[in-house]
Amino acid sequence: MLDAEKLLSDRWRHVVTKGDGTAVLPECGRPTVPGLVSERACAFYGARWMLAAIPDVIHLVHGPAGCAYFGSIVRRKSYRVFSTQLEERDIVFGAGEKLYRAVLEAVATDPGARAVLVYATCSAGLIGDDLDGICKRAARAVGRPVVPVNSPGFCGYSQAAGHDIAAGVLLEHFIGTGKAQEPIANGVNLLGEFDVMGDLREIERLLQQLGLRILCAFSGKAATTAMADAHRARLNIVHCRRTGQRLADAMQERFGTPQLKVSFFGFEETASALRSIGKFFGSAGVEEIVERGRREVEGAAPFLKKLAGKRVALFFGASRMGTMARAFAELGMEVVMIGSQFGCLEDYRDAGARVRAGTVLIDDPPEKELEEFIRKHMPHLFVGGTKEKYLATKLGVPFLVFPQETSCFAGFRGFVNLAREVAGLVGAPVWRLAGRLPEI
Ligand code: SF4
């Protein structure tokens, strides 16, 4: 547990220890306590997180160059974005015409693009440009959809607001717009899967063994043509609840597409995912696939020996907490802290059920609290996003960035990669040289 006296009075409800009798779940789903610097991102970035990987559209950021740069790197991958590069003059006199001209110029630069996504940032939201009207006018001029993404950074207290706005854009303008209506018997969609370092390919390989075909993955495999046909899938597989659930619920209501929430991280989660999906489709041979997977993960045995009993702290965006806690437990590690930037009660309930008594559950921690936790508990590994990387490293704690940067972590083969990478990080000789800082 963190030192309660050192937490700001409004923060103590956001930090609980499983099994200590003080509270079951941390308070969550709220704006950051004023005065604290959160690890969260803005709504604009949340929209970029969802939409950046769509390949055949133009991404045009209506805002200053800084927002465009921020939004061009998503999951540590660099994407091409266009920008209106708003300056002081535009803020004073308005930038509607500049945006209109920017759409025309962007389409002239990339004439094969099927649509243009125009993202509103804080500045665009504040000066009140009529984004919808300008996009409609520009669409007539360029002869293709020009779609406003009304995601100024201030329109929510975390990137989650941007996820929802982006999901609305996909539903309103892209999903199910194809002419063909008949269902594709073996077609599935993956919702909340962004193809980090080949995760999607590994999931696809496993689903192909069940005789299934991924029509569309939002948004790791989400060309406009794939999205147009997504309503023909027999099943929506939700891989990340935070970025996929809203799409799944809306598609169930609109097209009657059933949904299954699964995870492909860790052996047991992957096996259970294949069993649930196989049962839905009445697929034969699921146990053979799982058995093959069991033999594949035996390759992780040498790494598991090195990891047995090592302590790990996990910090994610939101809904991966529970399934990743299970995957790290399968590595033989003890999860001592689990937290998120903007998890909801369901995320924490799921995570809390999968960790041992004594594990700290922490919601939206500022860097100072993470530092206090690391100094006090000195885990053997900290798993988090880029923002936490240098904090952990400076305190002498090995760090695994997630979403990962090196190899696929999904499926059976991904589990072996995860074990190899974690064992390499935890056992790296450099940490013996790192000075460990005293407790505060
Ligand atoms: S908070 Fe506003 S100004 Fe900052 S990156 Fe997000 S959209 Fe741009």
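Residues numbered from 1 in each chain as written. Predicted model: local features only at pLDDT ≥ 70, side-chain atom pairs only at ≥ 80, totals over all residues. Heavy atoms only, no water.

- An unreviewed UniProt entry annotates the protein chain as Nitrogenase molybdenum-iron protein alpha subunit of Thermacetogenium phaeum.
- The Sequence similarities (unreviewed entry) field of the UniProt record for the protein chain holds the comment "Belongs to the NifD/NifK/NifE/NifN family." (UniProt positions renumbered as here; feature names shortened; annotations may be inferred.)

## Focus: the overall build of the protein chain
Reasoning step 1: Counting its regular elements, the protein chain contains 19 helices and 16 strands.
Reasoning step 2: In terms of overall dimensions, the protein chain has C-alpha extents of about 65 × 55 × 40 Å along its principal axes.
Reasoning step 3: Scored against the burial criterion, the 440 residues of the protein chain give a buried share of 56%.
Reasoning step 4: Contacts in the protein chain between residues far apart in sequence, at least 24 positions, make up 69% of those at least 6 positions apart.
Reasoning step 5: Counting 55 positive and 49 negative side-chain charges, the protein chain places the averaged centre of each group 4 Å from the other. (Helix = DSSP H or I, 4+ residues; strand = E, 2+ residues; numbered from the N terminus. Buried < 20%, exposed > 50% of the residue type's maximum accessible area, 1.4 Å probe, protein only. Contact = heavy atoms within 4.5 Å. Lys, Arg positive; Asp, Glu negative; His and termini not counted. Charge placed at Lys NZ, Arg CZ, Asp CG, Glu CD.)

## A few points about the domain arrangement of the protein chain
Reasoning step 1: For the protein chain, the assigned domains are domain 1 (4–34 + 300–433), domain 2 (43–156) and domain 3 (187–295).
Reasoning step 2: For domain 2 versus domain 3, the separation of C-alpha centres amounts to 31 Å.
Reasoning step 3: Taken residue by residue, the interface counts 10 residues in domain 2 and 10 residues in domain 3.
Reasoning step 4: Carbon and sulfur atoms make up 65% of the surface buried where domain 2 meets domain 3, a total of about 810 Å² over both sides.
Reasoning step 5: If you sort the residues of domain 2 by the area they bury against domain 3, Met-50, Ile-54 and Arg-75 come out on top, with a joint share of 51%.
Reasoning step 6: Where domain 2 touches domain 3, the interface holds 2 residue pairs in polar contact (both at pLDDT 80 or more).
Reasoning step 7: For the side of domain 2 that touches domain 3, the element with the highest residue contribution is helix H1 (residues 43–51), accounting for 3 residues.
Reasoning step 8: Grouping the constituent residues of the side of domain 2 that touches domain 3 by class yields 7 nonpolar, no polar and 3 charged. (Domains from an automatic or database assignment. Buried area = accessible area lost by both parts, 1.4 Å probe. Polar contact = N/O pair within 3.5 Å; in protein donor to acceptor, adjacent residues only side chain to side chain. Nonpolar A, V, L, I, M, F, W, Y, C, P; charged D, E, K, R; others polar.)

## Observations concerning the packing of H1 against helix H2 (residues 65–72)
Reasoning step 1: Interaxial distance between H1 and H2 falls to 9 Å at its minimum, and their mutual angle equals 40°. Classed by the angle they form, the pair H1 and H2 counts as oblique. You can see that H1 and H2 cross each other, and the crossing is right-handed. Where H1 abuts H2, its residues Phe-44, Tyr-45 and Arg-48 lie against Cys-67, Phe-70, Gly-71 and Ser-72.
Reasoning step 2: Considered class by class, the residues forming the contact of H1 with H2 number 4 nonpolar, 2 polar and 1 charged. (Axes fitted to C-alpha atoms, helices over the stretch in contact; angles between N-to-C directions. Parallel < 35°, antiparallel > 145°, perpendicular 65-115°, else oblique. Left-handed = near helix turned anticlockwise from the far one by under 90°.)

## A few points about the pairing of strand E7 (residues 146–149)
Reasoning step 1: Here E7 shows a buried face lined by Val-146 and Pro-148 and a second buried face lined by Val-147 and Val-149.
Reasoning step 2: Pairing geometry for strand E6 (residues 115–120) and E7, over 4 bridges, is parallel. Bridge pairing links Val-116 to Val-146 in E7. (Pairing = 2+ DSSP bridges.)

## A closer look at the packing of helix H16 (residues 367–377) against helix H17 (residues 386–394)
Reasoning step 1: With their axes 10 Å apart at the nearest point, H16 and H17 run at an angle of 40° to one another. In this view, H16 runs oblique relative to H17, as classed from their interaxial angle. In this structure, H16 meets H17 at a crossing whose hand is right-handed. For the pair H16 and H17, the contacting residues are Glu-367, Leu-370, Glu-371 and Ile-374 in the first and Lys-387, Glu-388, Leu-391 and Ala-392 in the second.
Reasoning step 2: Grouping the constituent residues of the contact of H16 with H17 by class yields 4 nonpolar, no polar and 4 charged.

## Some words on the environment of Lys-394
Reasoning step 1: By the element assignment, Lys-394 lies in helix H17.
Reasoning step 2: It is 8.7 Å that separates the C-alpha atoms of Lys-394 and Ala-434, two residues lying 40 residues apart in sequence.

## Quick word on the packing of aromatic side chains
Reasoning step 1: As enumerated under the stated definition, the model contains 9 aromatic pairs in all.
Reasoning step 2: On the numbers, 5.4 Å between centres and 40° between planes, the contact of Phe-267 with Phe-412 is tilted. Pair noted here: Phe-267 is in helix H11 (residues 267–281) and Phe-412 is in helix H18 (residues 411–426), with a separation of 145 residues, a long-range link.
Reasoning step 3: Of the residues examined, Phe-267 reaches a relative accessible area of 7% and is grouped as buried.
Reasoning step 4: Taking 5.2 Å as the distance between ring centres and 75° as the angle between the ring planes, the aromatic pair formed by Phe-316 and Phe-402 counts as edge-to-face. Taken as a pair, Phe-316 in strand E12 (residues 311–316) and Phe-402 in the loop between strand E16 (399–401) and H18 lie far apart in primary sequence, 86 residues in all. (Phe/Tyr/Trp six-rings, centres within 6.5 Å; stacked < 30°, edge-to-face > 60°.)

## Some points on the sheet that holds strand E5 (residues 82–83)
Reasoning step 1: Spatial ordering of the open sheet is given by E5-E2-E6-E7, a layout of 4 strands whose pairing is parallel. Edge strands, defined here as strands with exactly one partner in the open sheet, are E5 and E7.
Reasoning step 2: Two elements, strand E2 (residues 57–62) and E5, share 2 bridges in a ladder whose sense is parallel. Paired with Val-61 across the strands is Ser-83, a residue of E5.
Reasoning step 3: In this fold H1 packs onto E2, E6 and E7, with an angle of close to 155° to the strand it touches most, E6.
Reasoning step 4: Docked against the sheet, helix H4 (residues 96–109) engages E2, E5, E6 and E7, running at close to 150° with respect to E2.

## A look at the layout of surface pockets
Reasoning step 1: Estimated volume of the largest pocket: approximately 830 Å³.
Reasoning step 2: Around the largest pocket, the lining is made up of 34 residues, and of these Tyr-45, Trp-49, Arg-76, Phe-402 and Pro-403 lie nearest the centre.
Reasoning step 3: With 3 residues, the top contributor of residues to the lining of the largest pocket is H17.
Reasoning step 4: Along the lines of polarity and charge, the residues of the lining of the largest pocket split into 16 nonpolar, 10 polar and 8 charged.
Reasoning step 5: Lining the second largest pocket are 15 residues, and of these Asp-132, Val-147, Pro-148, Glu-172 and His-173 sit closest to its centre.
Reasoning step 6: Only helix H6 (131–142), E7 and helix H7 (159–173) provide two or more residues apiece to the lining of the second largest pocket.
Reasoning step 7: A total of 5 residues in the lining of the second largest pocket trace back to one element, the largest contributor, which is H7.
Reasoning step 8: Of the residues contributing to the lining of the second largest pocket, the split by class is 9 nonpolar, 3 polar and 3 charged. (1 Å grid on protein atoms, 1.4 Å probe; cavity = no way out; pocket = protein on both sides within 12 Å on 5 of 7 lines; lining within 4 Å. Points joined across faces, edges and corners; volume = space filled by probe spheres on them.)

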